[in-house]
Amino acid sequence: MDRKALSAAFPVTVPVLMGYLAIGIAFGLMLQEIGYNFIWACFMSLTIYAGSGQYLGVTLLGTGAALGTVALMTLLINFRHLVYGLSMLEKFRGMGWRKLYMIFSLTDETYALLASARAPVGVEPKRFYFAIALLDHSYWILGSVIGAVAGALIPLDTTGIDFAMTALFVVIAVDQWKAYKNHLPALLGAGATVLFLIVLGRRFGQQQMLLASLGVIVVALLVLRDRLEETEETSC
């Protein structure tokens, strides 16, 4: 692993570190409560690596859900990652074997960082992106293991700890707003989300609202891609 890329990526991933430790600890505590120790927490975070998916997994494991139910629910809750991946095709191009890991590790927070972060001068961009993904994954594993170990040793009240994920998104959004002078993508995303929340959220549920809004946002950004890139280059 390129140490220069890791050193450059670490400051960028600090907000994710804070959020993933909190949310990972909560996951580890929940998993420990239903009888699965830190080894299972580490294994799930290493191989599944999906925050909301793993939270769902705790519930499904606790209720003894059928394999078909697990597969369907996991697909629905993580379907948005398909949309994320489509917008990352260009950035992942030419990454060789690392491309497979980048696809696997594309969580909400990693996607947000990859969409906005720029490699410093002297650091190869592809290695920089890989370092971001690798660091974020390690934070999640660490938090999960800490939570499972803590749950086995001492009783803890996890009420409200899941708000850390919301706070993490706010921090990343503010950072992206400051990093770019062109705020059209952010305004477009917020507008589409609010619109579909009002139109579809109450009737069909938040999952359908999320899928619809994400699809519209991605299509709109693809259509406006050239204009947005020209605007950003001009402002720089």
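The structure under discussion appears in the preceding block.
Residues numbered from 1 in each chain as written. Predicted model: local features only at pLDDT ≥ 70, side-chain atom pairs only at ≥ 80, totals over all residues. Heavy atoms only, no water.

**What to know about the overall build of the chain**
For clarity, the threshold we go by: Starting at the N terminus, helices and strands are each numbered in turn, a helix being any DSSP run of H or I of at least four residues and a strand any DSSP run of E of at least two. Any two residues whose heavy atoms approach within 4.5 Å are treated as being in contact. Areas reported here follow the Shrake-Rupley algorithm with a probe of radius 1.4 Å; residue values treat only the protein chains shown as occluding.
A tally of helices and strands in the chain yields 13 helices and zero strands. What you see in the chain, going N to C, is helices and strands ordered as α-α-α-α-α-α-α-α-α-α-α-α-α. For the chain, the proportion of contacts with a sequence separation of at least 24, taken over those separated by at least 6, is 78%. Only carbon and sulfur atoms are counted for the fraction: they give 69% of the accessible area of the chain, which is about 13,400 Å².

**Thoughts on the packing of helix α2 (residues 38-47) against helix α9 (residues 125-153)**
How two helices sit against one another is set out by the angle between their axes and by the gap between those axes. Convention followed: Throughout, an axis means a line fitted to C-alpha atoms (over the contacting stretch in the case of helices), and angles, computed between N-to-C directions, take values from 0 to 180 degrees. These descriptions rest on fixed angle ranges, namely under 35 degrees for roughly parallel, over 145 for roughly antiparallel, 65 to 115 for roughly perpendicular, and the rest for oblique. For any pair of crossing helices, the crossing counts as left-handed if the nearer helix is rotated counterclockwise from the farther one by less than a right angle, and right-handed if it is rotated clockwise. Following the grouping adopted for this structure description, the nonpolar residues are Ala, Val, Leu, Ile, Met, Phe, Trp, Tyr, Cys and Pro, the charged ones are Asp, Glu, Lys and Arg, and the polar ones are all others, Gly among them.
Contact pair α2 / α9: the axes reach a minimum separation of 8 Å and the direction vectors enclose 160°. The angle between α2 and α9 places the two elements in the roughly antiparallel class. α9 is crossed by α2, and the crossing has right-handed handedness. Of the residues in α9, those touching α2 at F38, A41, C42, S45 and L46 are H137, W140, I141, S144, V145, A148 and V149. Here the residues of the contact of α2 with α9 are counted per class, giving nine nonpolar, three polar and no charged.

**Considering the packing of aromatic side chains**
Note the cut-off: Classification of ring pairs rests on two measures: the distance between centres of Phe, Tyr or Trp rings, Trp counted by its six-membered ring, which must be within 6.5 Å, and the angle between planes, read as stacked under 30 degrees, edge-to-face over 60 and tilted in between. Think of it in three bands: residues with accessible area under 20% of the maximum for their type are buried, residues over 50% are exposed, and the middle band is partly exposed, with areas taken using a 1.4 Å probe on protein chains only.
Within this structure, the stated rule accounts for 10 aromatic pairs. Here W97 and F130 contribute two aromatic rings whose centre-to-centre distance is 5.6 Å and whose plane-to-plane angle is 75°, an arrangement assigned as edge-to-face. Of this pair, W97 sits in the loop between α6 (89-92) and α7 (98-104) while F130 sits in helix α9; the two residues are 33 residues apart in sequence, bridging distant segments of the chain. What makes W97 exposed here is its relative accessible area of 63%. Taking relative accessible area as the criterion, F130 reaches 8% and is therefore assigned buried. The interplanar angle of 55° and the centroid separation of 6.2 Å between the aromatic rings of F128 and Y129 together place this pair among those described as tilted. Of the two residues, F128 and Y129, neither departs from the other in class, the shared state being buried. In textbook terms, an aromatic cluster arises when at least three aromatic residues are bridged by ring pairs, as seen for Y49, W97, Y101, F104 and F130.

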